[in-house]
Amino acid sequence: MSLPSSIDKPSGLRQGVEAGAAAAPLTGVNQAGSAAMHIALTASWRRVAGSGILRIACFFGLIILLVYGLNAAINSGLRSLTTNQFGVFNRMVGGTINADILITGSSRALSHYDPRIIESTTGLPTFNLGLNGSQTDLQLAVLKTYLKHNRKPRIVLHNLDAFSFVMTREVYDPAQYMPYLGENDIYDTLHHVNPKVWWKCKYLPLYGYAVHDMRLDWMLGPLGLVGWSPRQVFFQGFNPRVGRWTEDFASFKAANPDGVSFEIQPAGVQVMRELIQVCQQNGIRLIFVYSPEYREMQALTRNRAAIFNEFHELSQDYSVSLWDFSNWDHAGEIEYFRNSQHLNAEGAELFSTDLAHRLVEELAQLSQPAALNAPPPSRPPVKK
Amino acid sequence: MLFNSLAFAIFFPLVVVLYYSLPQPRRLALLLLASCAFYMAFIPAYILILFVTITIDYIAGIYLERSTGPARRIWLVGSIVSTCAVLFVFKYFDFFTGNFVALAGLIGWHLSPVVAHIILPIGLSFHTFQSLSYVVEVYRGKQRAEPGFMTYATYVMFFPQLVAGPIERPQNLLHQFSEKHEFDHARITAGLKRMAWGFFKKLVVADRLALYVNDVYAAPRNFSGLQLTLATLFFAYQIYCDFSGYTDIALGAAQVLGFKLMENFRTPYYSLSIGEFWHRWHISLSTWFRDYVYIPLGGSRSGLRRWLLAVMITFTISGLWHGANWTYVVWGALNGVYLLLGVATKNIRDRMFAAIGLPVGSLPRRAIMLATTFGLTCAAWVVFRAKNLTDASYVLTHFASGWNLHQIGTEQFLLRQMPIALAAILVLEVGQLWPGKFPVPSIVGRLPLAPRWALYASFVMAVLMFGVYRNTQFIYFQF
């Protein structure tokens, strides 16, 4: 078995074939052929390795391994955190919240409703699932995820906003969702917002953290792995804001002297309907709450009447209570607000107390004696 | 296609594998095809503009070589005018008509402004200048006209340097398309390392600093003097790392494919004078202007007045090359003034240094010169970066006002990003000592395999995780 010498073979291959031919008389022709092929391939492989391709491939292989490894470490670490937004989500998907009163909504929900006050007043375990920078579609996805993993709450207080009928256009702080993309309700909603981005976040390791985590939250992951969590600023999901009123509203007014209007998107109305249906199908009493908004801002919302008409219509169609705190006693006092949309910590304390009183009344009407066992709350003094 | 995109992460390895798998005669076609795909990833239709300028200059090159006498000059002028016309229409039309209308208004002619609103083709100024240099070199007889259309088209469109240079000369690059490039492990890994360093500069340094710079320069009146100062220093690093990072990626990518492109930067912020700065900053453009504008205008050998004029014209056009805005024009002219003042005051400065006992080459003297040059450059960058001359003037006059150490961060650039930004600048400065007394790559290169790979892999992972990948087009693409 020899090849014509005129054929120009790679030197490694030629040497291998020749070596195999030389060994043939000792081992038999078939074995010799197989050995020759083996040697030829080995030599050829060595040549490839010698050229450095293998080394380069190995290095990139190492990088790929590191990428997968780091991705797994970050996800695992973030899912080990016990504090703040990740802590809330971890408790949610871990099924350890199991509240009787659940608060849902945007950052206004997150920073307005203190579950500790509501819980001590009503005697019912309460948790705040408000989500920074979120619209109703994402709030619904989080509620569904909550219901999948936790005992059904008796009451959901859903906070309404002027932008409740606006669908998510851009996801705020995408990193907060990255470890939870395995949750179908969350992933499907995010994917619906931006399909081109979110499939990559789910399936390409590190993509979401490297590209969309502008706040570098991923750095908490490795720390979470070793049991560290950042200082807790979320209390039963409630995140009080300590900031004071700034000049932002004055700038806003100057920039928008004729006010602003918020869209009422049909898809947004549909999402609200779905939220109601999800609650009703699960036997949950849903209460819409329009938490306090700075009075002057209310006047600047041009289509506020139209938005509230929609709220009332939904409320009537599905027999959902609507508690409107637009005319809250302190809605015109800037010392209780951080900005036109958000109460500060003191304002949140006052509002939560007022809301808790109303809840006690509601629960009494629903003849829930257990709820009345709790002592009446003492309202904190109003600071002027 | 952006270098810092997922598409390029797939595109480039694919091109490299195909390139080395194909026999030599087919590699050119692959490069041209790849370059077309690379360019068409931006705005596909604009490839036609490129095709038109390539065809004109290719034909002009051939006829320039064949013809003699006035015909040669006609071919040269025809080629230059048509190439520049494309540049004018797409880049300067709105600027010139707008200014013309404004000027006419001053003398009582009230004209309606004609605004074309054309999107500028990516990298138009770069490949236009590369085409022009080819035609001029053929005219001067320093370069043979390229007979192969595909070779010439690939020379203009070669994807690593298509959209932001370096602006190559035909003598350096054209012949490389006819050479066979073997798979060479050492050269390829060197190219990959250079690309990694370029990605670090672009993604970790430039794009992170850009978050701060963009916030501050969008509305400078909302920020304190400290923030204005930081933003200006950050912009100096941002623009350097953005552009030199692009160049490193371009040179590295070309090196992987076996090509050697010209160097574009030599640590320009270590310059001791503005003149030296321009020998170390965007070298391919500086030498282009030197060879095709400054020297033809008389250079330094035609008397003082002619020289002054040549310097100012060259720098002003250089500013205009960067963009159709008065800020760029003023930036270019300002650099011209810097250069002239530097020459005019050289003797005085030398005497001053001598008087305070700082001899030539002493460390304090070099430090003063370096700091002065960097300061002047930063002041010029303010004009370059500002949205308009009013903003530039505000920034330049408010560096010292209202410093507040508790007010440093911005909306996009949270304070937690500051340590990363500063650490990135530190790594950059250490890395830039490569050719000096602390040659990091050669020290790392001598390590055993395991620690060496660990360092390389850590660097790659750091770039991946600390880079910024959003809204991150290279600054010089717009030019």
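Here the structure is shown first, and the text comes after it.
Residues numbered from 1 in each chain as written. Chains lettered and ligands numbered in written order. Predicted model: local features only at pLDDT ≥ 70, side-chain atom pairs only at ≥ 80, totals over all residues. Heavy atoms only, no water.

Colleague: Sorry if this is basic, but what is going on with the overall build of chain B here?
Modeller: Helix and strand counts for chain B stand at 19 helices and zero strands. Counting every position in chain B, which comprises 479 residues, the buried fraction comes to 52%. If the 37 positive side-chain charges of chain B are averaged to one point and the 20 negative ones to another, these points end up 5 Å apart. (Helix = DSSP H or I, 4+ residues; strand = E, 2+ residues; numbered from the N terminus. Buried < 20%, exposed > 50% of the residue type's maximum accessible area, 1.4 Å probe, protein only. Lys, Arg positive; Asp, Glu negative; His and termini not counted. Charge placed at Lys NZ, Arg CZ, Asp CG, Glu CD.)

Colleague: How should empty space enclosed by the protein be read in this particular structure?
Modeller: Over the atoms, a rolling probe the size of a water molecule traces out where space has been left empty. Residues and elements named next belong to chain B. Per the stated rule, a full pass over the model turns up three cavities of 30 Å³ or more. Of the pockets and cavities examined, the largest cavity occupies roughly 60 Å³. Along its surface, the largest cavity is lined by Tyr19, Gln24, Arg27, Leu28, Leu31, Gln176, Phe177, Glu179, His181 and Phe259. Broken down by class, the residue content of the lining of the largest cavity amounts to five nonpolar, three polar and two charged. (1 Å grid on protein atoms, 1.4 Å probe; cavity = no way out; pocket = protein on both sides within 12 Å on 5 of 7 lines; lining within 4 Å. Points joined across faces, edges and corners; volume = space filled by probe spheres on them. Nonpolar A, V, L, I, M, F, W, Y, C, P; charged D, E, K, R; others polar.)

Colleague: Looking at this model, I keep getting lost on the nonpolar core. Mind explaining?
Modeller: Grouped burial of nonpolar side chains is what soluble globular proteins tend to show. Among the nonpolar cores identified, the biggest contains 208 residues, and A:Trp198, A:Phe288, B:Phe159 and B:Trp381 are the most heavily contacted of them. Take this core: its biggest share by element is 19 residues, from helix H9 (residues 225-256) of chain B. Counting only domains with at least three residues in this core, you end up with domain 1 (6-180) and domain 2 (187-466) of chain B. Beyond its immediate sequence surroundings of up to four residues, A:Trp198 is in contact with A:Val171, A:Pro174, A:Tyr177, A:Met178, A:Leu181, A:Tyr187, A:Leu190 and A:His191. Grouped together as the second largest cluster of nonpolar side chains are 28 residues, A:Ile101, A:Leu157, A:Val289 and A:Leu350 included. (Core = buried A, V, L, I, M, F, W, Y, C linked by side-chain atoms within 4.5 Å. Domains from an automatic or database assignment. Contact = heavy atoms within 4.5 Å.)

Colleague: How should I be thinking about the interface of chain A and chain B in this particular structure?
Modeller: It is common to report an interface's size as the accessible area lost on association of the parts. In this assembly, 28 residues from chain A lie in contact with 24 residues from chain B. Where chain A abuts chain B, roughly 2,300 Å² becomes buried across the two surfaces, and 78% of that area is made up of carbon and sulfur atoms. When the buried surface of chain A facing chain B is broken down by residue, A:Phe59, A:Met214 and A:Leu216 rank first, second and third, together holding 25% of it. There are zero salt bridges connecting chain A and chain B. Where chain A packs against chain B, one counts one residue pair in polar contact (both at pLDDT 80 or more). When contributions to the side of chain A that touches chain B are tallied by element, the ones reaching two or more residues are helix H3 (53-78) and helix H10 (207-212) of chain A. It is H3(A) that provides the largest number of residues to the side of chain A that touches chain B, a total of 12 residues. (Buried area = accessible area lost by both parts, 1.4 Å probe. Salt bridge = Lys/Arg side-chain N within 4 Å of Asp/Glu carboxyl O. Polar contact = N/O pair within 3.5 Å; in protein donor to acceptor, adjacent residues only side chain to side chain.)

Colleague: What's the story with helix H13 (residues 266-281) of chain A in this structure? I'm lost.
Modeller: Structural remark: α-helix, 3.6 residues per turn; residues separated by three or four positions point the same way. Residue and element names in this part refer to chain A. Counted at 1.5 Å a residue, the expected span for H13 with its 16 residues is 22 Å, and the 22 Å between its end C-alpha atoms agrees. Turning to H13, its buried residues number three or more, namely Gly268, Val269, Val271, Met272, Leu275, Ile276, Val278 and Cys279. Just beyond H13, the residue with positive phi is Gly283, at close to 70°. (Expected span 1.5 Å × (residues − 1).)

Colleague: Would you take a moment to explain the side chain of A:Ser229 for this structure?
Modeller: Of note, A:Ser229 is situated in the loop between helix H11 (220-225) and helix H12 (248-255). If we ignore the near neighbours within four places in the chain, the residues touching A:Ser229 are A:Ser80, A:Leu81, A:Thr82 and A:Thr83.

Colleague: Explanation requested: the pattern of salt bridges in the structure shown.
Modeller: Pairing between side chains becomes possible if they bear opposite charge and their charged atoms approach one another. Residues and elements named next belong to chain B. Taken as a whole and assessed by the stated rule, the structure comprises 27 salt bridges over all chains. Of the charged contacts in the structure, one is a salt bridge between Glu137 and Arg140, with a shortest N-O distance of 3.8 Å. Classification of Glu137 as buried rests on a relative accessible area of 5%. Between Lys202 and Asp207 there is a salt bridge, and its shortest N-O distance comes to 3.0 Å. Each member of the pair, Lys202 as well as Asp207, is classed as buried. Because the salt bridges share partners, they merge into one network encompassing Arg194, Lys201, Asp248 and Glu263.

Colleague: Teacher, can you tell me more about helix H2 (residues 24-40) of chain B here?
Modeller: All names here are of chain B. An ideal rise of 1.5 Å per residue puts 24 Å on 17 residues; H2 measures up with 25 Å between its terminal C-alpha atoms. Taken as a whole, H2 has its buried residues at Arg27, Leu28, Leu30, Leu31, Leu32, Ala34, Ser35, Phe38 and Tyr39. Where the residues of H2 are buried, they touch helix H1 (6-21), helix H3 (47-66), helix H5 (124-139) and helix H6 (149-157).

Colleague: How do you make sense of the sheet that holds strand E4 (residues 285-290) of chain A when you look at a structure like this?
Modeller: In sheet architecture, strand pairing relies on hydrogen bonds along the backbone and comes in two forms, parallel and antiparallel. All names here are of chain A. What the five strands build is an open sheet, ordered E2-E1-E3-E4-E5; its pairing is parallel. Because the sheet does not close on itself, it has two edges, and the strands there are strand E2 (126-128) and strand E5 (321-324). The mean angle between the axes of side-by-side strands here comes to 20°, regardless of whether they run parallel or antiparallel. Relative to E5, E4 is paired through four bridges, and the arrangement is parallel. Bridge pairing in E5 links Phe288 to Leu322. (Pairing = 2+ DSSP bridges. Axes fitted to C-alpha atoms, helices over the stretch in contact; angles between N-to-C directions.)

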